[in-house]
Amino acid sequence: MTKRIYTDPSIASSEITPESVFLNRRAFIKASSGTAASALGLSTLSSAAEPSELIYKTDPDGSLRGEQTPYDAVTSYNNFYEFGTDKSDPARHADSMATDPWTIKVGGLVDQPGELHLEDVMSGFDLEERIYRFRCVEAWSMVVPWIGFPLSALLKRFAPRSEGRFVEFKTLYRRSEMRGTRSFTSVIDWPYREGLRLDEAMHPLTLVAVGLYGKTLPNQNGAPLRLVVPWKYGFKSIKSIVEINVTAEQPETSWQTLQPNEYGFFANVNPEVDHPRWSQRFERKLPSSIFKPNRVPTLPFNGYEEQVAGLYEGMDLRQFY
Ligand code: MTE
């Protein structure tokens with residue numbers, strides 16, 4: 001079976017690199033031979049399929065495609081504290097996490113609480129490629145071609161109730177497979193938790209990613225599925241999700257609980273609001289080194305101001321950072 005993946009229509013399928021053959025452990029694409037484009041079903045898209053409303057233009061002039069961070073950098077310089085605090089720890093140790101089978105429990109203020117198994121996720125949602133800027137609160141950044149689907153599509157299946165105002169997310173917590181959670185230097189009260197306002201969660205830019213660079217998501221990047229909220233600092237983009245709850249109250253989140261004055265609930269990328277310990281005006285675009293720091297100015301809402309600023313109208317973004 002070929003799973004159709006929608007790409008930004010401004011991108012010719014011939015531009016997809018051959019390296020991005022989608023490895024399919026779990027059955028959504030069989031790519032035994034041929035080009036990446038056919039493996040991804042992109043030829044199907046360009047020849048037969050009409051662009052649907054599912055396609056949300058995130059790289060309208062195609063400029064981000066040329067700025068993509070190399071695959072090796074995206075998958076070897078990571079934050080995933082469950083496996084350690086050094087940037088190289090996740091790539092070295094995250095393979096100990098079993099990601100199959102995988103179940104996501106969805107509940108709280110929804111009319112149809114239930115569970116999703118990974119197979120349901122893979123077969124039940126149309127996948128798209130989204131090339132996003134990704135900005136960590138630590139002032140490094142990347143441009144990543146994610147494969148995923150809008151979180152709104154998932155949430156709608158569970159019918160959030162009108163009292164629901166927030167969404168809470170939790171990462172898998174399995175001590176035996178996550179050496180960072182066993183470490184005495186571990187600072188987080190596990191499981192890792194994050195949250196969004198419901199309107200942020202329903203925004204078309206908010207993505208559930210299951211892959212990157214046309215491949216299945218590597219464990220160190222949050223396999224088998226993670227959130228990507230491109231206008232917020234990276235810590236909001238919670239990895240390896242096993243639970244989602246719609247709530248009336250703002251949920252407690254890991255980083256906010258740890259250091260409320262350093263990591264706000266909103267965490268919108270904002271060059272005007274410094275982190276208490278460093279400036280947020282610039283970022284190091286990976287790959288970077290002391291010889292070639294690749295320092296670029298940080299953009300308000302990480303470059304997605306036009307799409308998301310309306311969500312925060314009337315809010316003082318210095319107070320609600
Ligand atoms: N999710 C979990 N479960 N644990 C983490 O430590 N780190 C966050 C976020 N999601 C983190 C997480 C931070 S601080 C960042 S910057 C991004 O993941 C990093 O994503 P990447 O490693 O894919 O670049």
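Cut-off values and rules
- Residues numbered from 1 in each chain as written.
- Predicted model: local features only at pLDDT ≥ 70, side-chain atom pairs only at ≥ 80, totals over all residues.
- Heavy atoms only, no water.
- Buried < 20%, exposed > 50% of the residue type's maximum accessible area, 1.4 Å probe, protein only.
- Helix = DSSP H or I, 4+ residues; strand = E, 2+ residues; numbered from the N terminus.
- Pairing = 2+ DSSP bridges.
- Near = heavy atom within 4 Å.
- Polar contact = N/O pair within 3.5 Å; in protein donor to acceptor, adjacent residues only side chain to side chain.

**Student:** Help me understand the pairing of strand β5 (residues 140-150) in this model?
**Tutor:** Two faces belong to every sheet, and in a regular strand the side chains alternate between them. Of all the eleven residues making up β5, eleven are buried; the element is thus mostly covered by neighbouring parts of the structure. As paired strands, strand β4 (residues 127-135) and β5 are joined by eight bridges and run antiparallel to one another. Its bridge partner being in β5, R133 is matched across the sheet by V143. The antiparallel hairpin formed by β4 and β5 contains four residues in its connecting segment, where A139 sits at a positive phi of about 75°. Looking at chain direction, β5 and strand β8 (residues 207-212) are connected through five bridges and run antiparallel. Its bridge partner being in β8, P150 is matched across the sheet by L207.

**Student:** Sorry if this is basic, but what is going on with the site of the ligand here?
**Tutor:** The immediate surroundings of the ligand are formed by 18 residues, with N78, Y81, E82, R226 and K239 found nearest. Here an oxygen atom of the ligand sits 2.9 Å away from a polar atom, N or O, in the side chain of N78. Separating a nitrogen atom of the ligand from a side-chain N or O atom of T171 is a distance of 2.9 Å.

**Student:** I'm lost on unusual backbone geometry in this one. Help?
**Tutor:** Glycine aside, negative phi is the norm for most residues, and most peptide bonds take the trans geometry. Of the consecutive residues D100 and P101, the connecting peptide bond is found in the cis state with omega at 5°. Along the chain, the position of P101 falls in the loop between α4 (89-93) and β2 (103-108). Even without being glycine, F301 reaches a positive phi, approximately 50°. With respect to the helices and strands, F301 occurs in the loop between β13 (295-297) and α10 (305-308). Note on F301: relative accessible area 7%, which makes it buried. If you check the backbone angles, N302 has positive phi at about 55° while not being a glycine.

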